[in-house]
Amino acid sequence: MSEPLHSLDDIARQHSLLATKLRPPHLRARLVRRPRLTAHLDEALQHRLTLISAAAGSGKTTLLSEWQDAARRQRWPIAWVSLDKGDNDPVRFWSHVTAALDAFQTGISRTTLMALHATPLPDPSVMQDGPAWIEAILAVLVNELATLPRDVVVVLDDYHVIESSAVHDSLAYWLEHVPDCVHLVIASREDPPMPLARLRVRGELAEIRGADLRFTRGEVATYFNEVMGLHLPDEDIAAIEARTEGWIAGLQMAALSMQGRRDTAGFIAAFTGSHRFVADYLIEEVLGRQPEAIQSFLLQTAILNRFNAALCDAVTSQTDSQAVLERLDAANLFLVSLDDERRWYRYHPLFAELLRDRLSRLQPDRVPDLHRRACDWHERNGLVADAIEHAIAMKDWERAADLLEHASRRTWMPWTQSEIGAMLEWLEALPPDLVRARPRLCLACAWALLDPSQIDRVEQYLQDATQAVNSLRGEKQVQAVLCEVAVIRTFVSSIRGDAPLTIELARQALASLPETEVSLRSMIAWSLGYAYALTRDMPSAEQALTEALSLSRVAGNHALALMSMNELAEIQCDCGRLRESARTLQQTLELAEEWGGQNFFILSRTWWLQAWLFYEWNDLERAATCLGESHKIAAQWRYLRGVVSARGLLAIVKQAQGDSEGAQEMIRQARQAALESRVPIAADALAVYRLNLWRARGDLESAMQWIREHELNWSDKGSRIHYAAGTAVARVLIEHSRKQNEQTWMHKAFELLEDLLQKAEAAGLALDSIDILPLQATALHVQGQTAQALRVLKRALVLAEPEGYVRMFLECGEPMAQLLRWSIESKEWNEPRLEAYARRLLAQFGQPQPEAGMAASSLPVLASGDEGWLEPLTGREMEVLRLVAAGASDQEIAEKLGLAKATVKTHLRHIYRKLQVGRRTQAIVRARLLRLLP
């Protein structure tokens, strides 16, 4: 917009107002621009009201200032009012609003301003009768606004300072009647008491919340490295982003404190809510502004990692916690909702640390009692993990040990990666002698250490458990411990990848396990299934996993049942039965919901597998949705391998959708998770995603550099991830060879694909075969061996058609599209189902469909001969053939095409070979029969 028609200073002086309240804060020169949010604000103008509601220090005003600055340069009007406590007077409030509007339209609010200052305020009795006096005045303003020749935006910043019901009611009235050309934007630390629900239902409300305002990882990096000039490594950026959860004020305070420091990583690790800058800010801006009763509630509930109203009542001995939580939620008081129903909450980490620090300093004697109450409540409600946390916090070691033993039998078999970390942390918090004296705790330690990086520590705990069995009462309990030792040793061998030993130990364990030990038997069955899958004995694996599923359901071991179903779905997928796999995955999700909708760790993998299926079927939108669910669960459980998989595949999906920038961000997040996990298989998975993304983006140089630096023959390793790596490498080699005409790399691709195919066929892995065959067809075609390529393609289509594979063909690129087109045009196969499938695939390439019965084009096309598929002629060979048909001699052809006579003879030999003829006249006749010539 242009400058205001009237000077803001003149308008403010005329009505005894502060001109600074009518201007947005000045934007700093060095600013993290947030185009995703300013675009959101642009889109929000379709609604009557935009509400920006978030906690203190979330960047609301800065965002609006950035948006206003862009609007000013685009020459469209924003009337700005920065509110303060004095604006609780309705006359003063509306005087500022109308003055801000008057700056953009001559006299638009003159009548309103005069009426506001001429009308005496009504006495309290009139106020109780209703807001008619202000509504009458606002009706004048509404009528004036209806004459505006263009749209205008009214921004009310810091609306949380308004406590006057008269102002709230008058604004609601004005918003209800304002013409469509006026849009209202409210920025507030808490939701205003306006009919938001009604506006939301009508589609007249746009909302930007605290979660939207949080800095993303990329924005955090930009702020620290470009704006503040700190040049932090990626791991420090990730740590400070996690610590602050993108809270902008927290980031600013951290950046100020880091300036001049060398040990930034150490500072970040120590950066908490008790940090001087953070504590001062939160105490002054948040805690100190609350009533004493609310402050007491906040301090007492700060010991809780998550809470609902019932838990808060138990800890605080109150009965009104639900009302308090609703108030805190509406006030954006650093309260984070954990579910859609807004029953469970947590505090922002820095705010929680501040509260806990103040509680320990002001009321240290109360802390153990608060933890005891929390422990009691969690135990009564079956939340054993939380009960353990509080028992350890109050150093009640015996109670913590009892709870841990209970958990190890009922909850933590088998454990997730995140649960392993939690269990190990709890066990290591106990006195070591207490752990060694309890066989069950020794077993719990052994289970918790079933991780490749710590597996060597397991045997010592198994020996400790064996030695401590004398403390148990009865032979039955002793035998149970010894059986569990055998089960864990079986798991150890499977984790080490020793499938033969796993199978042997599993059989020995089954021989000693009573039939009544259904839970342990189910785990042995799962180990057998996993071992058979490692050896690629899929029938035996499927049989063992089916038994594991049945036993785990009888035992009530829901986690193992879901793990079994998940592994079954993977096997079905490996065997090429995509539709059956999809049904199994859907049943897995339905059972998880039936079992209480628990957020099982394994569901991250379930959602990922569903996403992969949708991706293969080229349903990219549904694939992205499933990956969002997969990542949410993996991140919540700190399952970093799952984060790598979810973000890695989402990078590929986004690239396929044309979102190259989004793909780069996803692969960056996947890389960060892989670095944090330090698990080799996570690094291998990341390599596959990076190779596929580089190829999809056309960055073959990066992909080839990686291949040169790493082992090429991935097929030797035989696991799922290494099959995927092998095909990813082959795709890159084929594409590189096609563009650079480097036969050495193409030869390596052929060798790799042949080796992978032999192993896949020997193991009955149809999925890998279907992945490899289109690549082989592509490689053959690129090498000019198109007849053989089409034979391989037909084989691939026969295998793939029943399950509807798509992406495995699409990712072969233009050479595959050409092969499909030729297969349709030739009619040699004479198989309607394959032709229909080929047409569907070609449509996915965005290629025009060959018409039924159409003649072959004059470009290189496929011809059919008595001995099967014939290789297509190249463009130059078609030019030579046309001149031959026109009667030109070899010398004339050479002169016409600018070739040497010897080169023409070479082309003729190729034409004769491909058409399976011996001389010119036969070539012309054969070409016309095949409709290569008119």
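Residues numbered from 1 in each chain as written. Predicted model: local features only at pLDDT ≥ 70, side-chain atom pairs only at ≥ 80, totals over all residues. Heavy atoms only, no water.

J.: Break down the overall build of the chain for me, citing the residues and quoting the values.
T.: Of the regular secondary structure elements, the chain holds 49 helices and 9 strands. Across the 934 residues of the chain, 55% fall into the buried class. Here the contacts in the chain between residues at least 6 apart in sequence split such that 67% fall between residues at least 24 apart. Counting every atom, the chain has about 41,100 Å² of accessible surface; 49% of that belongs to carbon and sulfur. (Helix = DSSP H or I, 4+ residues; strand = E, 2+ residues; numbered from the N terminus. Buried < 20%, exposed > 50% of the residue type's maximum accessible area, 1.4 Å probe, protein only. Contact = heavy atoms within 4.5 Å. Areas by Shrake-Rupley, 256 points an atom, 1.4 Å probe, with all protein chains shown as cover.)

J.: A description of the sheet that holds strand 5 (residues 205-209) should follow, citing residues and the corresponding values.
T.: Within the open sheet, the 5 strands sit side by side as 2-3-4-1-5. Their pairing is parallel. Among the strands making up the open sheet, the edge pair consists of strand 2 (78-82) and strand 5. Neighbour-to-neighbour, the strand axes of the sheet open up by a mean angle of 15 degrees, direction not taken into account. When strand 1 (residues 49-53) meets strand 5, the two strands line up parallel, connected through 5 bridges. Bridging across to strand 5, Thr50 finds its partner in Ala206. Along the sheet face, helix 8 (residues 165-177) touches strand 1, strand 3 (152-157) and strand 4 (182-188) and points at about 145 degrees away from the line of strand 4. (Pairing = 2+ DSSP bridges. Axes fitted to C-alpha atoms, helices over the stretch in contact; angles between N-to-C directions.)

J.: Give me the lowdown on empty space enclosed by the protein, citing residues and values where you can.
T.: All told, the structure shown has 2 cavities of 30 Å³ or more when counted by the stated rule. For the second largest cavity, the calculated volume is near 40 Å³. Lining of the second largest cavity is provided by Ala172, Leu175, Glu176, Met194, Pro195, Arg198 and Leu199. At the level of elements, helix 8 and helix 9 (196-202) are the ones that each hand at least two residues to the lining of the second largest cavity. The element contributing the most residues to the lining of the second largest cavity is helix 8, with 3 residues. (1 Å grid on protein atoms, 1.4 Å probe; cavity = no way out; pocket = protein on both sides within 12 Å on 5 of 7 lines; lining within 4 Å. Points joined across faces, edges and corners; volume = space filled by probe spheres on them.)

J.: Which residues make up the pairing of strand 3, and what values do they have?
T.: A large share of strand 3 lies buried, amounting to 6 of its 6 residues. What you see with strand 3 is no split at all: Val152, Val154 and Leu156 on one side and Val153, Val155 and Asp157 on the other are buried throughout. Pairing of strand 2 with strand 3, which is carried by 5 bridges, proceeds in the parallel orientation. Looking at strand 3, one finds that Ile78 is bridged to Val153. In the sheet, strand 3 pairs with strand 4 via 5 bridges, with the strands oriented parallel. Within strand 4, the residue paired with Leu156 across the bridge is Ile186.

J.: An account of helix 21 (residues 384-393) is requested, with residue identities and associated values reported.
T.: In terms of burial, helix 21 is a largely internal element, 7 of the 10 residues being buried. For helix 21, the full list of buried residues reads Val384, Asp386, Ala387, Ile388, His390, Ala391 and Ile392. Of the residues one or two after helix 21, Lys395 is the one with positive phi, at around 60 degrees.

J.: Just give me the short version of the nonpolar core, but keep the residues and values in it.
T.: In this structure, Leu649, Leu793 and Phe809 are the most contacted members of the largest nonpolar core, which totals 177 residues. Setting aside anything within four residues of it in sequence, one finds Phe809 in contact with Pro774, Leu793, Ala796, Leu797, Ala800, Met816, Tyr837, Leu841 and Phe845. Leu51, Ala79, Leu156 and Leu184 belong to the second-largest nonpolar core, a separate cluster that totals 37 residues. (Core = buried A, V, L, I, M, F, W, Y, C linked by side-chain atoms within 4.5 Å.)

J.: Got a sec to walk through helix 4 (residues 90-102)? Specific residues and values, please.
T.: Along an α-helix, residues three or four positions apart point the same way, because every turn accommodates 3.6 residues. In this model, helix 4 (13 residues) spans 18 Å end to end at C-alpha, consistent with the 18 Å of a helix rising 1.5 Å per residue. The element helix 4 is largely enclosed, with a buried count of 12 among its 13 residues. If you check which residues of helix 4 are buried, you get Pro90, Val91, Phe93, Trp94, Ser95, His96, Val97, Thr98, Ala99, Ala100, Leu101 and Asp102. (Expected span 1.5 Å × (residues − 1).)

J.: For the pattern of salt bridges, give the residues involved together with the corresponding values.
T.: Under the counting rule described, the total for this entry stands at 47 salt bridges. In this structure, Arg36 engages Glu219 in a salt bridge whose closest nitrogen and oxygen atoms are separated by 3.1 Å. Here Glu219 lies in helix 11 (residues 217-227) and Arg36 lies in helix 2 (residues 35-44), a separation of 183 residues in the sequence. With relative accessibility at 9%, the residue Glu219 sits in the buried group. Here Glu459 makes a salt bridge to Arg489, at a shortest N to O gap of 2.5 Å. Taken together, the residues Glu459 in helix 26 (residues 458-467) and Arg489 in helix 27 (residues 475-495) connect sequence positions 30 residues apart. (Salt bridge = Lys/Arg side-chain N within 4 Å of Asp/Glu carboxyl O.)

J.: So what's going on with the packing of helix 39 (residues 720-740) against helix 41 (residues 766-782)? Which residues, and what values?
T.: Across the interface, helix 39 lies against helix 41 with an axial gap of 10 Å and an inter-helix angle of 15 degrees. Comparing the axis directions of helix 39 and helix 41 gives the class roughly parallel. For the pair helix 39 and helix 41, the crossing hand works out as left-handed. On helix 41, the residues that touch Tyr723, Thr727, Ala730, Arg731, Ile734 and Arg738 of helix 39 are Asp768, Asp771, Ile772, Leu775, Thr778, Ala779 and Val782. In terms of residue class, the contact of helix 39 with helix 41 is made up of 7 nonpolar, 2 polar and 4 charged. (Parallel < 35°, antiparallel > 145°, perpendicular 65-115°, else oblique. Left-handed = near helix turned anticlockwise from the far one by under 90°. Nonpolar A, V, L, I, M, F, W, Y, C, P; charged D, E, K, R; others polar.)

J.: Outline the packing of aromatic side chains, supporting the account with residue identities and numerical values.
T.: Here the structure, examined in full by the defined rule, presents 7 aromatic pairs. An angle of 70 degrees between the planes, with centres 6.5 Å apart, marks the rings of Phe614 and Trp617 as edge-to-face. Classification of Phe614 by relative accessible area gives buried; the value is 13%. A network of ring pairs unites the aromatic residues Phe93, Trp94, Tyr159 and Trp174 as a single cluster. The residue whose ring lies beneath Arg306 is Trp344, and the NZ or CZ to ring-centre distance is 4.5 Å. (Phe/Tyr/Trp six-rings, centres within 6.5 Å; stacked < 30°, edge-to-face > 60°. Lys NZ or Arg CZ within 6 Å of the ring centre and 35° of its normal.)

J.: So what's going on with the packing of helix 30 (residues 538-555) against helix 31 (residues 558-574)? Which residues, and what values?
T.: Interaxial distance between helix 30 and helix 31 falls to 8 Å at its minimum, and their mutual angle equals 155 degrees. On the basis of their axis angle, the class for helix 30 and helix 31 is roughly antiparallel. At the point where helix 30 passes helix 31, the crossing takes the left-handed sense. Note on element contacts: helix 31 touches helix 30 through Leu560, Ala561, Ser564, Met565, Glu567, Leu568, Ile571, Gln572 and Asp574, opposite Met538, Ala541, Glu542, Leu545, Thr546, Ala548, Leu549, Ser552 and Arg553. Looking at side-chain class alone, the contact of helix 30 with helix 31 contains 10 nonpolar, 4 polar and 4 charged residues.

J.: Before we move on, could you go through unusual backbone geometry and cite the residues and values that matter?
T.: One non-glycine residue, Arg536, adopts positive backbone phi at about 65 degrees. Take Arg536: it is sitting in the loop between helix 29 (518-534) and helix 30.

J.: Any details on the confidence of the model for the chain? Residues and values, ideally.
T.: Confidence in the prediction for the chain averages 81 pLDDT; 81% of positions are at 70 or higher. Note on residues 1-5: pLDDT is under 50 here. Beyond four places in sequence and across chains, it has 18 contacts. With pLDDT under 50 throughout, residues 410-418 is counted as low confidence; its partners more than four residues away or in other chains account for 31 contacts. (pLDDT = per-residue confidence, 0-100.)

J.: Help me get a handle on the side chain of Glu616, residues and values and all.
T.: Within the secondary structure, Glu616 is located in helix 33 (residues 603-616). In this structure, Glu616 is buried with no salt-bridge partner, the nearest side chain bearing the opposite charge being Arg807 at 6.5 Å. Engagement of the side chain of Glu616 in a polar contact is seen with the backbone nitrogen of Met808, the distance being 3.1 Å. Aside from chain neighbours lying at most four places away, what touches Glu616 is Leu578, Tyr805, Val806, Arg807 and Met808. (Lys, Arg positive; Asp, Glu negative; His and termini not counted. Polar contact = N/O pair within 3.5 Å; in protein donor to acceptor, adjacent residues only side chain to side chain.)

J.: Describe the environment of Val487, naming the residues involved and giving the relevant values.
T.: Relative to the assigned elements, Val487 resides in helix 27. Exposure remark for Val487: the relative accessible area of 0% places this residue in the buried category. Expressed as a C-alpha distance, the spacing of Val487 and Leu513, which sit 26 residues apart in the sequence, is 9.4 Å.

J.: I'd love a proper account of the environment of Asn692, names of residues and values included.
T.: You can see Asn692 is positioned in helix 37 (residues 680-697). Classification of Asn692 as buried rests on a relative accessible area of 15%. Sequence separation between Asn692 and Val732 is 40 residues; the distance between their C-alpha atoms is 7.9 Å.

J.: Any details on the state of the cysteines? Residues and values, ideally.
T.: Here the structure, examined in full by the defined rule, presents 0 disulfides. Unpaired in terms of disulfides, Cys575 finds its nearest cysteine sulfur in Cys573, a separation of 9.3 Å. (Disulfide = S-S within 2.5 Å.)

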